[in-house]
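Examining the three-dimensional arrangement
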Amino acid sequence: MKKKLIKRVFFASVLSLGVACAKSPNSPPSSTVPVTSGKTQSIAWTGPDSIARKTTFFEPTLAVGPQTFDILIGKKVDSLTYTPDTQWTVTFSPTMPDMEDMTSPNNVQPKKIPGGYYQGTVNFNMSGLWRLTFTFKHIGDTTVVSQYFDVVLQ
Amino acid sequence: MIQAVMFAFIIVPVAAFGDSLAASDSIKTSASSDSMNRLDGIVVHGTQTKELPAGPTSTERILTNNPEITLIRRGASAAEPVVRGSSGNDISVTLDGAHLQCACTDHMDPVNSYVDDNDIAGITVETGGRALALGGPVLGLVDIKLNKAALGNAGLQWKIGGQGSTIDKGISGNACVSYSSERFGLNVAGSGKDVGDYAVPGGGKIPYSGVKAKNLLAGAIFKPSENWEINATYLYDRFWDAGYPALPMDVGFSQTQHSAIGFKNTSLDKLAWSGLLYANATSHAMDDTHRPFVPMHMDMPGAGSTTGAWSLLDFTKNENLFHLRLDWRQSIQSASMTMYAYPNPAMYLETWPKTSTDGLKASLTGEFPIQEKLRLETGIIVESQSINLLSELGRRQENAIQLGLPYERSFTLPGLSLGLRYAQTCENDIGVSAAFSSRPPAMSELYGYYLFNALTNRDYIGNARLSPENIVQTELSGKFTWGDVKAKGALWALVKKDPIETIDAPDISPMSYGAYGARQWHNGDIEKRAGGEVEIKYEVLDHLELQSVNHADHAWVSSDNKEPVSAESGGKLLALLKTKHITFSPELEWAPPQKRYDALTEFTRAPGYAVTNLRFKGKILLGRQIFWRAGIENVFNQKWNSSLDWERFDTHTPLYRPGRNFYVGMEINSRVEW
């Protein structure tokens, strides 16, 4: 229980490396400032080097229009510590599973920004359930990892 | 093409020329009793006797008695008018010159769908300069004149009528009470109908083709002085459970309320002033709950409202006749879609984000005698239109597709018309005319959002950066009388520069289930259209008259424009055999084989048809006037449909028109004077 708490505190400190930035729905995406003010979703997985990793998805503002999001790949250092892993190229595709995987135009693929984050822009063109499917390609080998995160725009 | 244009003139080898500036005066005649039977009967304004039409009328049937008009049908009701191959945003359908903002993104509630045939006093169809002069677009104005209360000898009149038909087990009824006096008149008319799914030849019914409707039209007229006349009109119309077999869903309800106050003033010599102040509101909801296979239930409500006014000043100076007209309107429209994907959260978007459209149009037209028989007709028009995207959600969703789009567009556009008319006599004349105008993009074309079109099976997205399209229309028209033969006709051609059309948008993912893709409006290069109409009336004997109404349209569009073109050729040939008590009218509706739009192959060949109808009507005087009518439509029970009819959505087979139909109707009139 204590370990879990320490882990959470540490992870929160990693997440708060950046400065939260309020954005209007139509403003162009920032390229340097991580969005860490919203909710997060995480997926734990194991990389090609058999080291545990955790993908953290920082949800964008859940409103119709172009919205900036961040994604962070953490590589496990020890049982309590993760360090940003930037040895990946990240692409994503937003779809609406209820709409025959309808997608939206004008999305901006994630790029590396300071702090080990990847930042992109998802263009929500209607409300409902959206699925953001990410593809991580490891630099230096052929490892490809695919993960998705669901968000709901009310 | 040329073939199509020629066709009309082979069928009716009579050279007909005439009235300059378009098919214009077709309207003046349409409401008169000696017209070419356009309303299938004698239509008199207000409370006077209205003789029963010779067939089971509908507003659509009255519309198509004008040769310039064809119809796009998605079912048995609420057909969409096409004027010389132009439809939708290219043309305008008005009520006494008043705009009415429809509420449906899918054209399920065109303006004419809110008018019962009992409401109609006449229909004005204008194109070219005459349309501009009446506040309409150059490509076509259809103005439906509503029945008005009338002045006259003091008296009370009532009327009650009904009709039934076998093919759709349809019944309808109407009643009217009116009061008239020298200075005041009142008129209240109501009607209702309940029409079931219609049957087609070979057995079986077309599902989702019935409709229920009710309608109320009330009017009052007051003449406070010799030179002033003030009238008020209120129209309420609601239709519900209206089936559209060519669409994936039906209409739960569509409703409008329209109020108008008009006036006429003739106090000054050589000057007449008339005007109208109006306001109306429509609401609408689609309904997919009756369809058996619905991938996802949807709610699709829409609303529209318009406030507006027009003023027309007619005056003469030195034998020159001038018309100064001002039109103003403000329309608000909105529509949305909620899709229920249980158990996931509902999805929502605004297909018509709430917008306001402000329009102001001024036109000055004049008629100048050059010689005794030669007259110059010219006009100048200035139009200002502004469309403002009001909805915050709409702005954000539009911005998702059209990054950085303008939320407001304003246009100031000029128009010009010029015509020459040579009138040998009142019944023989020939004219040429040309008109130039620009049409601003409509709200749907700027900000429409995932508007599904079942004919093309594609979703449509607006383009907020559209420019106006520029149109030049030319026409040769005339009328001719030779003994017992009267003819009138027109040959016309138009060119559009920067036409507003659509192209495939591969970057935009379609939203609708099974849609082939998305399209977006853009300004194309050049579009050309040409066609002609001929009407012939031949009094063979004192009691026998032949009439022929024909039209041929064709369009040339750029190769990247994949949109259906609504040009159609066809006609109607009928005989009127009048005896003292009965009028018998055999009628032949025909069309040659021609192109039909097909979503998969773009175009297929629509077979031609020739459908026969037999109609009877008569009058009995039994203290009161009793009018009756009866007849058989599609006598030979043929399978047919028009090239503009959409196909059935459920089976992707032709949407055939009704098979053999027997109908009977009766109307009783009575008037008490004191």
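Residues numbered from 1 in each chain as written. Chains lettered and ligands numbered in written order. Predicted model: local features only at pLDDT ≥ 70, side-chain atom pairs only at ≥ 80, totals over all residues.

1. Focus on the overall build of chain A
The test is simple: Only DSSP runs of H or I reaching four residues or more are called helices, and only runs of E reaching two or more are called strands; each is numbered from the N terminus. Counting other C-beta atoms within 10 Å of a residue's own tells you its class, since 20 or more makes it buried, 12 or fewer makes it exposed, and anything in between is partly exposed; those C-beta atoms are placed from the backbone. Contact between two residues is assigned whenever their backbone-derived C-beta positions fall within 7 Å.
Helix and strand counts for chain A stand at one helix and 10 strands. Taken from the N to the C terminus, the helices and strands of chain A come in the order α-β-β-β-β-β-β-β-β-β-β. Burial status across chain A gives 32% buried among its 154 residues. Taking all contacts inside chain A whose residues are at least 6 apart in sequence as the whole, residues at least 24 apart take part in 50%.

2. Things to note about the overall build of chain B
Summing up its helical and strand segments, chain B has six helices and 34 strands in all. Counting all 674 residues of chain B, 54% fall into the buried class. Sequence-distant contacts, at least 24 apart, represent 67% of the contacts inside chain B between residues at least 6 apart.

3. Focus on the sheet that holds strand 5 (residues 141-146) of chain B
Residues and elements named next belong to chain B. In plain terms, the rule: At least two bridges found by DSSP between two strands is the condition for calling them paired. Think of each axis as a best-fit line through the C-alpha atoms, taken over the contacting stretch in the case of a helix, with angles from 0 to 180 degrees between the N-to-C directions.
One open sheet holds the three strands; their spatial order is 3-5-4, and the pairing between them is mixed. The open sheet has two edge strands with one neighbour each: strand 3 (92-95) and strand 4 (120-126). Between one strand axis and the next, the sheet turns through 15 degrees on average, direction left out of account. Here four bridges tie strand 3 to strand 5, and the two strands are oriented parallel to one another. Within strand 5, the position partnered with threonine 94 by the bridge is aspartate 143.

4. Quick look at the sheet that holds strand 25 (residues 517-523) of chain B
All names here are of chain B. If you walk across this open sheet you meet the four strands as 20-21-25-24, and the pairing is mixed. On the outer flanks of this sheet lie strand 20 (451-453) and strand 24 (500-504), each paired with one strand and no other. Strand-to-strand, the axes of this sheet are offset by a mean angle of 35 degrees, without reference to chain direction. Of the pairings in the sheet, the one linking strand 21 (residues 458-461) to strand 25 comprises four bridges and is parallel in character. Along strand 25, the bridge assignment pairs isoleucine 461 with glutamine 520.

5. As for the environment of B:Met300
Residue and element names in this part refer to chain B. Along the polypeptide, methionine 300 turns up in the loop between strand 13 (297-299) and strand 14 (301-317). Looking at methionine 300, the number of C-beta atoms within 10 Å reads 23, which means it is buried. Sequence separation between methionine 300 and alanine 435 is 135 residues; the distance between their C-alpha atoms is 39 Å.

6. Quick look at the pairing of strand 10 (residues 228-242) of chain B
All names here are of chain B. In this sheet, strand 10 lies alongside strand 9 (residues 211-225) in antiparallel orientation, the contact comprising 12 bridges. Each residue of the ladder has a partner; that of asparagine 215, found in strand 10, is aspartate 237. Count of turn residues in the strand 9/strand 10 antiparallel hairpin: two residues.

7. Here's the deal with the confidence of the model for chain A
Operational definition: By definition, pLDDT measures how confident the predictor is in each residue, and it falls between 0 and 100.
For chain A, mean pLDDT is 81; residues scoring 70 or higher make up 76% of the total. Note on residues 4-32 of chain A: pLDDT under 50 across the span, and 42 contacts to partners over four residues away in sequence or across chains.

8. Topic: the interface of chain B and chain A
Interfaces are often sized by the amount of accessible area the parts lose when they come together. On the side of chain A, 24 residues touch chain B, which itself brings 19 residues to the contact. Elements supplying a minimum of two residues to the side of chain B that touches chain A: strand 16 (347-369) and helix 5 (392-401) of chain B. No other element matches helix 5 of chain B, which puts six residues into the side of chain B that touches chain A.

9. Focus: the nonpolar core
Note the cut-off: In these notes, a nonpolar core means any group of buried Ala, Val, Leu, Ile, Met, Phe, Trp, Tyr and Cys residues linked to one another through C-beta atoms within 7 Å.
Core analysis: the largest hydrophobic core is formed by 124 residues, its most contacted members being A:Ile71, B:Val142 and B:Ile461. Those residues within four positions of A:Ile71 in sequence are excluded, and the remaining contacts are A:Thr55, A:Thr56, A:Phe57, A:Phe58, A:Val90, A:Pro110, A:Tyr118 and A:Phe134.

10. Section: helix 5 of chain B
Across the 10 residues of helix 5 of chain B, eight count as buried, placing the element largely inside the fold. B:Gly394, B:Arg395, B:Arg396, B:Gln397, B:Glu398, B:Asn399, B:Ala400 and B:Ile401 are the residues of helix 5 of chain B that are buried. Considering only its buried residues, helix 5 of chain B is in contact with strand 3 (65-76) and strand 8 (117-124) of chain A together with strand 16, strand 17 (374-389), helix 6 (443-447) and strand 21 of chain B.

11. What to know about the environment of B:Ile620
Residue and element names in this part refer to chain B. Looking at the element boundaries, isoleucine 620 is found in strand 32 (residues 609-622). Accessibility expressed as a C-beta count within 10 Å gives 12 for isoleucine 620, which makes it exposed. Taking the C-alpha atoms as reference, isoleucine 620 lies 42 Å from tryptophan 646; in sequence the two are 26 residues apart. Those residues in contact with isoleucine 620 that sit more than four places away from it in its chain are Ile626 and Trp628.

12. A look at unusual backbone geometry
In the segment running from B:Tyr342 into B:Pro343, the intervening peptide bond is cis, with an omega of 0 degrees. Tracing the backbone through its elements, the reader meets B:Pro343 in the loop between strand 15 (320-340) and strand 16. In the Ramachandran plot, A:Ser50 falls in the positive-phi region, its phi being about 65 degrees despite a non-glycine side chain. On the secondary structure map, A:Ser50 appears in the loop between strand 1 (40-46) and strand 2 (52-58). We classify A:Ser50 as exposed; it has 6 C-beta atoms within 10 Å. A positive phi angle, near 60 degrees, is found at B:Tyr208, a position not held by glycine. A count of 24 C-beta atoms within 10 Å places B:Tyr208 in the buried class.

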